[in-house]
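# Structural characterization, general
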Amino acid sequence: MSAGPASSSAAQAVPLLELRGIERRFGRPLDLAARIANRLGADIDAQVVHAVDSVDLALATGEVVGLAGESGCGKSTLARIAAGILEPGRGERLWQGRPVAAMPRAERIATELKVQMIFQDAFASLDPRMRVDDLVAEAPLAHRLIRRAEKDALVDTTLRQVGLDPSAKRRWPHQFSGGQRSRIGIARALAVRPELLVCDEAVAALDVSIQAQVLNLFMRLRDELGLTYLFISHDLGVIRHLADRVLIMYLGRIVESAPTAELFAAPNHPYTRALLAEVPTLAQRRRSYQPVRGEIPSPLAPPPGCHFHPRCPHAMPRCAVEAPALKAVAPGRQSACHLNDAT
Amino acid sequence: MSTPPPALPAIVEASPLRRFAAEFAASRVALGAAVLLAAILFAALFAPLLSPQDPYDLATLDIMDSKLEPGARGAAGARFLLGTDEQGRDLLSAILHGLRISLGVGVMATLVAMAFGTLTGLASAWFGGRFDALLMRIVDLQLSFPAILVALVLLAVLGQGVDKVVLALVIVQWAYYARTVRGSALAERNREYIEAARCLALPAWRIVLRHLLPNCLPPLIVIATVQVAHAIALEATLSFLGLGMPITSPSLGLLIANGYTQLLSGKYWISFFPGIALVLTIVAINLVGDQLRDVLNPRLSR
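Now for the sheet that holds strand 5 (residues 98-99) of chain A. Residue and element names in this part refer to chain A. The four strands are arranged 2-1-4-5 in an open sheet whose pairing can be described as antiparallel. The two strands at the open ends of the sheet, each matched to only one other strand, are strand 2 (48-59) and strand 5. Where strand 4 (residues 90-95) meets strand 5, two bridges bridge the pair, whose relative direction is antiparallel. Residue pairing across strands places Leu94 opposite Pro99, the latter belonging to strand 5.

Right, dumping it as structure tokens:
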């Protein structure tokens, strides 16, 4: 809701984290048997998923960017690339304008620590064989950010920061509730003093009252620590509540980028409009519910041209041939749709 | 709703170890086997203190005592509970010392094979690709030969000796560990806690040894237990065939081999009692291993 300290004007400054032309495919090359079969005239294609397809992304310091899209659109892959867990197949990752891959080792590690990830399934993201204090303090100790004697103090302050009782620090992850496990995951990330948190569906697995608590925690940490967020969710309600700017992703591409208020007031891309129409609100109770037409196409065989055209109510012949580029449609707003050229 | 969560209620939960012990003891048979195994280990460990005679000290042997029946009194008046062998050696003492050698070789071979196999399996799962494929084909090749055949060939080439028997057992067994660890490591590798460790820029060796390995341990412990029994049986077989332990380290297998020529002449005890000791040891270890598998397998536990 809040406009936030950064808006479109911050785009001129060097972004905190920038992704340029990121591309990531998944799939395995053909094995020996398939290659021999192809030699003999068979026609076996390697199954390749284009999870992320030439995505550009810039996060300004202090900004909260929401990333939304249906499941299977490549959100999580993009999150992992942003967090440095996955290598991008192609493209560059820049931290404050400098390519991370080209940094010397020590500096690269320091940079990776600045970007931390909060996972969807907090329980799965905690090593079941480590106690809470070891989980939180492992990385700071391993990277010599603190000395062994400082471990207890760090664990206590970090746990308090996320609203956990430090007296529980010798417990195992399975002894906590879902919300508490989320907080442990957040504490672990905070322990290495990050500047950017990538939250991949970080509250999706929690029930609604706990969701609100954790979201409030994120916002409090933002104020206290000046954190920047890349907040990934399929829940537009959450994103509307949290984000300064929203990116909409469809089948590996970003189709629209706009400040939150503007996007929700006047969506530009037909896909965004369809997504927003799906958000249930009280006022809509009487309206007939109209989901996005059709299924999300298989990422193994995305449609040519604009990926959305088979489901788009405004599809033109051009849409099936030419992929629209992400272009500025208004100050601070970008959209990838041929309709914007027509008007 | 938005207040910070209150202090955790004290969770009254038994420590994992205690819960494990309770689940293990749920089976009477397993409990009995564990007690028996403990007794066997104790006897093997303290054999020099427990045995009435030093079977290696030829000066204490009296040839007049040779092949005495169980319970008979020797020339010097000492009673031989399990009888004596051809040399007049007290069989109980020989069995206790033989147990020590058999268990020692079995445990040693298992530990070395486990360490080597585990590291190979972890490396295979972590690096993947051609390295993985190559290693796993070697494992397949290894497992496609009967263990006894491989061990026989190896010992025929290497010659006798305790170290050589251990080496042969390690070569026969490492592949089981490698394959098991690779399997669990492949499953664990894609879990989110490994991704989280990557995100924290922890070095690869640390992720593998501190996060991956501990989570692959339970199946490994089960296999190791059962493999100790296999190693003991294999060593006894090799020794019986005359290819295993040297005559200076008489394991249970050698004791059996030593007496089996007398078997048909009615002097059954020279082979029989070492055989019983061997069977009891192997059965006890296997029962304990089975129960460990049931308790440690999360899919079987409620």
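A word on the sheet that holds strand 11 (residues 327-330) of chain A. Two pairing modes exist for strands in a sheet, parallel and antiparallel, and in both the strands are linked by backbone hydrogen bonds. All names here are of chain A. Strand order in the open sheet made by the eight strands is 6-7-8-3-9-10-12-11, with mixed pairing throughout. A single partner strand is all that each edge strand has here, and the edge strands are strand 6 (115-118) and strand 11. Taken over all neighbouring pairs, the strand axes of this sheet differ in orientation by 25° on average, direction set aside. Two elements, strand 6 and strand 7 (residues 196-200), share four bridges in a ladder whose sense is parallel. Counterpart to Ile118 in the pairing with strand 7 is Cys199.

Another aspect to go through is helix 5 (residues 129-144) of chain B. Residue and element names in this part refer to chain B. For helix 5, which comprises 16 residues, the first-to-last C-alpha distance of 23 Å matches the rise-based estimate of 22 Å (1.5 Å per residue) to within 8%. Within helix 5, the full set of buried residues consists of Asp132, Leu135, Met136, Val139 and Gln142. The arc that holds the buried residues of helix 5, viewed along the axis, is 115°, so those residues lie on one side. Away from its buried face by more than 90 degrees, helix 5 exposes Arg130, Leu134, Arg137, Leu141 and Ser144. In this structure, the buried side of helix 5 is in contact with helix 4 (91-127), helix 6 (147-158) and helix 7 (162-189).

Interface size is commonly expressed as the accessible surface area that is lost when the partners come together. Taken residue by residue, the interface counts 38 residues in chain A and 26 residues in chain B. Both sides together, the interface formed by chain A and chain B hides about 2,700 Å², and carbon and sulfur atoms give 58% of it. When the shortest N-O distance is used, the salt bridge between Arg80 of chain A and Glu192 of chain B registers 3.5 Å. The interface formed by chain A and chain B holds 10 residue pairs in polar contact (both at pLDDT 80 or more) in total. The set of elements that each furnish at least two residues to the side of chain A that touches chain B consists of helix 3 (105-114), strand 6, helix 4 (132-142), helix 6 (178-190) and helix 7 (208-225) of chain A.

A few words now on the nonpolar core. Judged by nonpolar contacts, the single largest core of 58 residues is most densely connected at Ile118, Ile186, Leu197, Cys199, Phe218, Tyr229 and Ile248 of chain A. When residues in this core are grouped by element, the largest group, six residues, is from helix 7 of chain A. With near-sequence residues (within four places) excluded, Tyr229 of chain A lies in contact with Glu63, Val64, Val65, Leu196, Leu197, Cys199, Phe218, Met219, Leu221 and Arg222 of chain A. Among the nonpolar cores identified, the runner-up in size contains 40 residues, and Ala125, Leu155, Leu169 and Ala201 of chain B belong to it.

Let's shift gears to the packing of aromatic side chains. The tally for this structure, following the rule as stated, stands at 10 aromatic pairs over all chains. Where Phe42 of chain B meets Phe46 of chain B, the ring centres are 4.9 Å apart and the plane angle is 50°; that geometry is what we call tilted. Relative to Tyr260 of chain B, the ring of Phe240 of chain B has its centre 5.1 Å away and its plane inclined at 55°; by these criteria the two rings are tilted. Of this pair, Phe240 of chain B sits in helix 9 (residues 204-240) while Tyr260 of chain B sits in the loop between helix 10 (252-259) and helix 11 (269-296), placing them 20 residues apart in sequence. With relative accessibility at 46%, the residue Tyr260 of chain B sits in the partly exposed group. Linked through ring pairs, Phe218, Tyr229 and Phe231 of chain A together constitute an aromatic cluster.

A word on unusual backbone geometry. Its identity is not glycine, yet Ser54 of chain A carries a phi of approximately 35°, on the positive side. Here Ser54 of chain A lies in strand 2. One non-glycine residue, Ala201 of chain B, adopts positive backbone phi at about 55°. With respect to the element layout, Ala201 of chain B can be found in the loop between helix 8 (192-199) and helix 9.

Scanning the model with the defined rule gives seven cavities of 30 Å³ or more in all. In this structure, the largest cavity spans a volume of roughly 70 Å³. In the lining of the largest cavity, the residues fall into eight nonpolar, four polar and no charged.

Residue and element names in this part refer to chain B. You can see Thr281 is positioned in helix 11. Taking relative accessible area as the criterion, Thr281 reaches 2% and is therefore assigned buried. Discounting chain neighbours no more than four positions away, the residues touching Thr281 are Ile40, Leu99, Leu103 and Ile232.

Residue and element names in this part refer to chain A. Inspection of every chain in the model, using the stated rule, returns 34 salt bridges over all chains. Among the ionic pairs, Asp134 bridges to Lys151, the shortest N-O distance being 2.7 Å. With a gap of 17 residues between them, Asp134 in helix 4 and Lys151 in helix 5 (residues 151-161) connect regions that are remote in the sequence. Since its relative accessible area comes to 25%, Asp134 is described here as partly exposed. For Glu224, the salt bridge identified is with Arg220, shortest N-O distance 3.2 Å.

Next up on the list: the environment of Arg311 of chain A. Residue and element names in this part refer to chain A. Among the structural elements, Arg311 can be located in the loop between helix 10 (270-278) and strand 11. Note: C-alpha distance between Arg311 and Pro270 (41 residues apart in sequence) is 9.5 Å. Reaching out from Arg311, the side chain makes a polar contact with the side chain of Glu70 at a distance of 3.3 Å.

Residues and elements named next belong to chain B. A cluster of nonpolar residues, Leu36, Phe240, Leu241, Tyr260, Leu263, Leu264, Tyr268, Phe272, Ile276 and Leu280, forms a patch on the protein surface that exposes about 980 Å² of accessible area. When residues in the nonpolar patch are grouped by element, the largest group, three residues, is from helix 11. The residue Phe272 is located in helix 11 in this model. The class for Phe272 is partly exposed, based on a relative accessible area of 43%.

Residues and elements named next belong to chain B. The contact between helix 8 and helix 9 brings their axes to 11 Å, and the two run at 170°. It follows from the interaxial angle that helix 8 and helix 9 lie roughly antiparallel. Mapping the contact onto sequence places Tyr193, Ile194, Ala197 and Arg198 in helix 8 and Ile207, His211, Leu212 and Asn215 in helix 9. Residue composition of the contact of helix 8 with helix 9, by class: five nonpolar, two polar and one charged.

Procedures and definitions
Residues numbered from 1 in each chain as written. Chains lettered and ligands numbered in written order. Predicted model: local features only at pLDDT ≥ 70, side-chain atom pairs only at ≥ 80, totals over all residues. Heavy atoms only, no water. Pairing = 2+ DSSP bridges. Helix = DSSP H or I, 4+ residues; strand = E, 2+ residues; numbered from the N terminus. Axes fitted to C-alpha atoms, helices over the stretch in contact; angles between N-to-C directions. Expected span 1.5 Å × (residues − 1). Buried < 20%, exposed > 50% of the residue type's maximum accessible area, 1.4 Å probe, protein only. Arc of directions from axis to C-beta. Contact = heavy atoms within 4.5 Å. Buried area = accessible area lost by both parts, 1.4 Å probe. Salt bridge = Lys/Arg side-chain N within 4 Å of Asp/Glu carboxyl O. Polar contact = N/O pair within 3.5 Å; in protein donor to acceptor, adjacent residues only side chain to side chain. Core = buried A, V, L, I, M, F, W, Y, C linked by side-chain atoms within 4.5 Å. Phe/Tyr/Trp six-rings, centres within 6.5 Å; stacked < 30°, edge-to-face > 60°. 1 Å grid on protein atoms, 1.4 Å probe; cavity = no way out; pocket = protein on both sides within 12 Å on 5 of 7 lines; lining within 4 Å. Points joined across faces, edges and corners; volume = space filled by probe spheres on them. Nonpolar A, V, L, I, M, F, W, Y, C, P; charged D, E, K, R; others polar. Patch = residues over 30% accessible without salt bridge, like charges linked within 9 Å, V, L, I, M, F, W, Y side chains within 5 Å. Areas by Shrake-Rupley, 256 points an atom, 1.4 Å probe, with all protein chains shown as cover. Parallel < 35°, antiparallel > 145°, perpendicular 65-115°, else oblique.

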